[in-house]
Protein chains: 2
Amino acid sequence: MDSSGKNSPWASRQDRQAERENKREAVLRTAAILFNEKGFHATSLDDVAERLNITKPTVYYYVKSKDEILFECVRIGLQRLEQASTQALQNGGDTRANLIAVMGEYVQIVTTDFGMCLIRVGEDPLTLGSRRKLRLLKSRIDLRFRALIAQGIEEGVLKPCDPKFAAFTVAGALSWIARWYDPNGPLKAQQIADQCVDLLMNGLSK
Amino acid sequence: MDSSGKNSPWASRQDRQAERENKREAVLRTAAILFNEKGFHATSLDDVAERLNITKPTVYYYVKSKDEILFECVRIGLQRLEQASTQALQNGGDTRANLIAVMGEYVQIVTTDFGMCLIRVGEDPLTLGSRRKLRLLKSRIDLRFRALIAQGIEEGVLKPCDPKFAAFTVAGALSWIARWYDPNGPLKAQQIADQCVDLLMNGLSK
């Protein structure tokens, strides 16, 4: 074995950390899938362990509780939505195109395992403190959407309306997809997004 | 006391039944308000009893468990939506006007205590059997909306689109209102409905 430790049969600290992160994410994702399938309440950490072919103590090595798992799943979902909406606002260029693009990304995110968990289970089972932290993230996403819509109205590419209501309507319609979306179904998230976005931009009425 | 029992100091069976129904609804409604405020998990039957100035055994006289309460709250919310959507479909006359009217009613319903509970808590905490029963009601509401939209497309008053997606988009946008609606806030449900329905009918784009 040389002094750099390159030939050590033990993994480097960096590798070990990356592996731990990987495994923790597998625990979170598997739990999210089970929450989405059976509901948060009906899912036990035993179910999570079984699905991963590990023991419950091993699950506890990565997370403290079912509550911590849910908090993390919802946080990851919200963080992705926040990143997408912040990006859309900073993009510059065509506001209408940016809005349409971020709506499509929103659908992509809420149809992932973490995104579905965010909408299907949400923060109701969590403590008030955890819920407050998540609400902060939510309100940031909302403000980005409002700003983007306000910008579009100012530029004359969107109809004059209250950006607050418009942002809520858009978020509601797009989030709802996560309630009925079937990852194993025939429809891809992109196809659903296209139709839903078209309806929100152009309306039902002829 | 005459033979009809009119002057009996005990209430008639009918009156007793009506009073029991009244009190049971008060238990359900109070629980719904608490679930909406604090979350289903954070609410105990002690909280419900305290809010009603009664004891927990008295609560148990009207309902078996927190689960039964939630099932009933969600069922009542869904039943009202189902009645409104069935009515809209049977109304005859102007399909576009019927659709707009039922969208307004939908907002009225999801901003009641039971309606908010339906959307904010939903059926996740319930058993698979209970969730199946509620899903049946949900799918009926969905089918009514699809039928109404399909009718509007056929009559040429709505844009050609897939009624399934359109129904989901409408339900999502309108249901979402229950997530942020504040019964003590300055905005009445009607004002919110008007803006949201206008957006769904006419779109964001100029």
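Structural data are supplied above this passage.
Student: Tell me about the environment of Asp198(B), and please be specific about residues and values.
Tutor: As for its position among the elements, Asp198(B) is in helix H9 (residues 189–202). Separated by 15 residues in sequence, Asp198(B) and Pro183(B) place their C-alpha atoms 22 Å apart.

Student: Help me get a handle on the interface of chain A and chain B, residues and values and all.
Tutor: Each side of the interface is counted separately: chain A has 45 residues, and chain B has 45 residues. It is Phe165(A), Trp176(A) and Leu204(A) that lose the most area in chain A upon contact with chain B, and together they represent 19% of the buried surface on that side. The interface formed by chain A and chain B contains zero salt bridges. Applying the counting criterion to the chain A and chain B interface returns 25 residue pairs in polar contact (both at pLDDT 80 or more). At the level of secondary structure, the elements contributing two or more residues to the side of chain A that touches chain B comprise helix H1 (13–38), helix H5 (95–110), helix H7 (128–154), helix H8 (163–180) and helix H9 (189–202) of chain A. When grouped by side-chain class, the residues that make up the side of chain A that touches chain B number 25 nonpolar, ten polar and ten charged.

Student: Just give me the short version of helix H5 (residues 95–110) of chain B, but keep the residues and values in it.
Tutor: Residues and elements named next belong to chain B. Here H5 contains 16 residues, and its C-alpha end-to-end distance of 22 Å stays within 8% of the 22 Å for a straight helix at 1.5 Å per residue. Of all the residues in H5, the buried ones are Thr-95, Asn-98, Leu-99, Val-102, Met-103, Gly-104, Tyr-106, Val-107, Ile-109 and Val-110. Structurally, H5 contributes buried residues whose contacts are with helix H4 (66–90), helix H6 (113–120), helix H7 (128–154), helix H8 (163–180) and H9. Taking the backbone nitrogen of Arg-96 as reference, a side-chain oxygen 3.0 Å away marks Asp-94 as the first, capping residue of H5.

Student: Lay out the pattern of salt bridges with the relevant residues and their values.
Tutor: This structure, assessed with the given rule, holds 28 salt bridges over all chains. Beyond isolated ion pairs, a larger network of salt bridges with shared partners links Arg24(A), Lys64(A), Glu68(A), Glu72(A) and Arg75(A).

What counts and how
- Residues numbered from 1 in each chain as written.
- Chains lettered and ligands numbered in written order.
- Predicted model: local features only at pLDDT ≥ 70, side-chain atom pairs only at ≥ 80, totals over all residues.
- Heavy atoms only, no water.
- Helix = DSSP H or I, 4+ residues; strand = E, 2+ residues; numbered from the N terminus.
- Contact = heavy atoms within 4.5 Å.
- Buried area = accessible area lost by both parts, 1.4 Å probe.
- Salt bridge = Lys/Arg side-chain N within 4 Å of Asp/Glu carboxyl O.
- Polar contact = N/O pair within 3.5 Å; in protein donor to acceptor, adjacent residues only side chain to side chain.
- Nonpolar A, V, L, I, M, F, W, Y, C, P; charged D, E, K, R; others polar.
- Expected span 1.5 Å × (residues − 1).
- Buried < 20%, exposed > 50% of the residue type's maximum accessible area, 1.4 Å probe, protein only.

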